[in-house]
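The lines below spell out each chain.
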Amino acid sequence: MKIARIETFLVPPRWLFCRIETDDGVVGWGEPVVEGRAEVVRAAVDVLAEYLTGQDPLRIQDHWQVLTKGGFYRGGPVLSSAVAGLDQALWDIAGKTYGAPVHALLGGPVRDRVRVYAWVGGDEPAELSEQITAQVEAGFTAVKMNAAGATSPVVTAAETAEVVARVAAARDLLGPHRDVAVDFHGRFTAASARRALAELAPLHPLFVEEPVVPDHGHLLPGLVAASPVPLATGERLYSRTDFLPALTAGIAVAQPDLSHAGGISEVHRIASLAETYGAQLAPHCPLGPIALAASLQVAFATPNFLIQEQSRGIHYNKDADLLSYVVDPEPFRFVDGHASRGDAPGLGITVDEAAVRAADRTGHAWRNPVWRHPDGSFAEW
């Protein structure tokens, strides 16, 4: 069996899918994308396809080594994301070839269901009560929200109070037996994060995500030492090497993205590395169905898994949603805030190829917003 063809599809709202077909007709799907730079990743996939075409698709680990290390210049989000989607598709082919779900190929399941959370609010969170109530009524036991919109370099008393008030409102609606995670989204400086974390501690967040931008990872040890709240990070870290300083700093939750951090192969290894530091795995996934399917396969086989992000109803999904490109929604039916383990081969989903090809004819050019402070200077989004 050889790889015969590799295609990519730019599909709304902001996703990129790839399709690998073998010469005997087995098809695997992946989701290689950098949100806001999908066209660039598409070009990277085309370049990597030159190597993969004609190769045995079942030599996944060997291909991962060549794709990530075969060029003199390595790493970065574009290359890592291109490799990630191709890696997902190769695992999908392997599962279909062997007649087994990917989690079985990773050593077998360690759980029967995976806890998931729902997003509430938007980039500038407001009017949360109705959204939280709806998610609780839908059975979710955890939600995540952005802490704030554009944030001053040193947070004011008013800004801190607004963050605390929003999380307090969420806690009141959720009660003590459900969880709220709070995403700082790298919008806070270390000093501002330290101040806000102390104020949030009595509200018992499940974790606070990206307290600072990854560029300031060297400040994580001090933040972890000062924080009474578990800290999480990792959506903008792309390898075990990237995660090692964060783990040694003492983060509680590692959040690699299956579409950014080298795919199933590397995230499975990141999970094992995190386990040696007592950290839990909560894969980042505000993306499409293929990325979520890959994330769930890893979650079923990972002992130190905590909770899974998913994008149904997220504020980015304006032109399509999680179920727009799958034939059967059952793998993404969440009961009591959990996804059940299935035994379908590969990634466990059937992609609606006709819908994908039709969507690609329209494509998209999604870009993240550029924010500015009141004085006109750049603000972190």
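The coordinates are above.
Residues numbered from 1 in each chain as written. Predicted model: local features only at pLDDT ≥ 70, side-chain atom pairs only at ≥ 80, totals over all residues. Heavy atoms only, no water.

Can you explain the overall build of the chain? Please cite residues and give values.
On a plain count of helices and strands, the chain comes out with twelve helices and 15 strands. Here the C-alpha coordinates of the chain stretch approximately 65 × 45 × 45 Å along the principal axes. The burial tally for the chain puts 57% of its 381 residues in the buried class. Here the chain has roughly 15,000 Å² of accessible surface; of this, 53% comes from carbon and sulfur atoms. (Helix = DSSP H or I, 4+ residues; strand = E, 2+ residues; numbered from the N terminus. Buried < 20%, exposed > 50% of the residue type's maximum accessible area, 1.4 Å probe, protein only. Areas by Shrake-Rupley, 256 points an atom, 1.4 Å probe, with all protein chains shown as cover.)

Now, about the nonpolar core: what can you tell me, with residues and values included?
A general trend in soluble globular proteins is that nonpolar side chains are found buried together. One finds Phe17, Leu86, Phe184, Phe188, Ile264 and Phe332 to be the most contacted residues of the largest nonpolar core, which totals 109 residues. The leading source of residues in this core is helix H11 (residues 289–300), at nine residues. Setting aside residues no more than four positions away along its own chain, Phe17 makes contact with Glu7, Thr8, Phe9, Val11, Trp29, Gly30, Glu31, Pro32, Pro289, Ile290, Tyr325 and Val356. In terms of nonpolar packing, the next biggest core, distinct from the first, is built from 16 residues, Trp119, Phe207, Tyr316 and Trp366 among them. (Core = buried A, V, L, I, M, F, W, Y, C linked by side-chain atoms within 4.5 Å. Contact = heavy atoms within 4.5 Å.)

An account of the pairing of strand S2 (residues 15–22) is needed here, citing residue identities and associated values.
Each regular strand carries side chains that alternate between the two faces of the sheet. When you tally the buried positions in S2, you get eight out of eight residues, the bulk of the element. Side chains Trp15, Phe17, Arg19 and Glu21 project from S2 onto one buried face, and the interleaved Leu16, Cys18, Ile20 and Thr22 project onto a second face that is buried too. Pairing of strand S1 (residues 3–11) with S2 involves eight bridges; the strand directions are antiparallel. Paired with Leu10 across the strands is Leu16, a residue of S2. Remark: three residues form the turn of the hairpin made by S1 and S2, two consecutive strands paired antiparallel. The pairing of S2 with strand S3 (residues 27–30) spans four bridges and is antiparallel. Bridge pairing in S3 links Ile20 to Gly28. The hairpin turn running from S2 into S3, its antiparallel successor, is four residues long, and Gly25 in that turn takes a positive phi close to 90°. (Pairing = 2+ DSSP bridges.)

Break down the layout of surface pockets for me, citing the residues and quoting the values.
Rolled over the atoms, a probe as big as a water molecule pinpoints where empty space is left. Volume-wise, the largest pocket comes out at about 730 Å³. Looking at the largest pocket, it is lined by 30 residues, and the ones nearest its centre are Glu35, Glu235, Arg236, Asn368 and Trp381. In the lining of the largest pocket, the residues fall into 14 nonpolar, four polar and twelve charged. In terms of lining, the second largest pocket is formed by 20 residues, of which the most central are Pro331, Gly342, Ala344, Gly348 and Ile349. At four residues, the largest contribution of residues to the lining of the second largest pocket is made by H11. Among the residues making up the lining of the second largest pocket, the classes are represented as nine nonpolar, five polar and six charged. (1 Å grid on protein atoms, 1.4 Å probe; cavity = no way out; pocket = protein on both sides within 12 Å on 5 of 7 lines; lining within 4 Å. Points joined across faces, edges and corners; volume = space filled by probe spheres on them. Nonpolar A, V, L, I, M, F, W, Y, C, P; charged D, E, K, R; others polar.)

Break down the side chain of His373 for me, citing the residues and quoting the values.
Along the polypeptide, His373 turns up in the loop between strand S14 (371–372) and strand S15 (378–379). Assessed through its relative accessible area of 16%, His373 is described here as buried. When neighbours within four sequence positions are excluded, His373 is seen to be in contact with Thr151, Ser152, Pro153, Phe378 and Ala379.

Tell me about the packing of aromatic side chains, and name the residues and values.
Scanning all chains against the criterion turns up ten aromatic pairs. Measuring from ring centre to ring centre gives 5.8 Å for Phe9 and Trp29, while their planes differ by 35°; the resulting arrangement is tilted. Of this pair, Phe9 sits in strand S1 while Trp29 is found in strand S3, placing the two residues 20 residues apart along the sequence. What makes Trp29 buried here is its relative accessible area of 6%. Through a chain of ring-to-ring contacts, three or more aromatic side chains come together here, namely Trp15, Phe17 and Tyr325. The ring of Tyr316 carries Arg14 above its face, with NZ or CZ at 3.8 Å from the centroid. Sitting over the face of the ring of Trp366, Arg14 holds its NZ or CZ atom 4.7 Å from the ring centroid. (Phe/Tyr/Trp six-rings, centres within 6.5 Å; stacked < 30°, edge-to-face > 60°. Lys NZ or Arg CZ within 6 Å of the ring centre and 35° of its normal.)

Can you lay out H11 for me, pointing to particular residues and giving the numbers?
Its twelve residues place the ends of H11 16 Å apart at the C-alpha level, agreeing with the 16 Å of an ideal helix rising 1.5 Å per residue. Most of H11 is tucked away, with twelve of its twelve residues classed as buried. Of all the residues in H11, the buried ones are Pro289, Ile290, Ala291, Leu292, Ala293, Ala294, Ser295, Leu296, Gln297, Val298, Ala299 and Phe300. (Expected span 1.5 Å × (residues − 1).)

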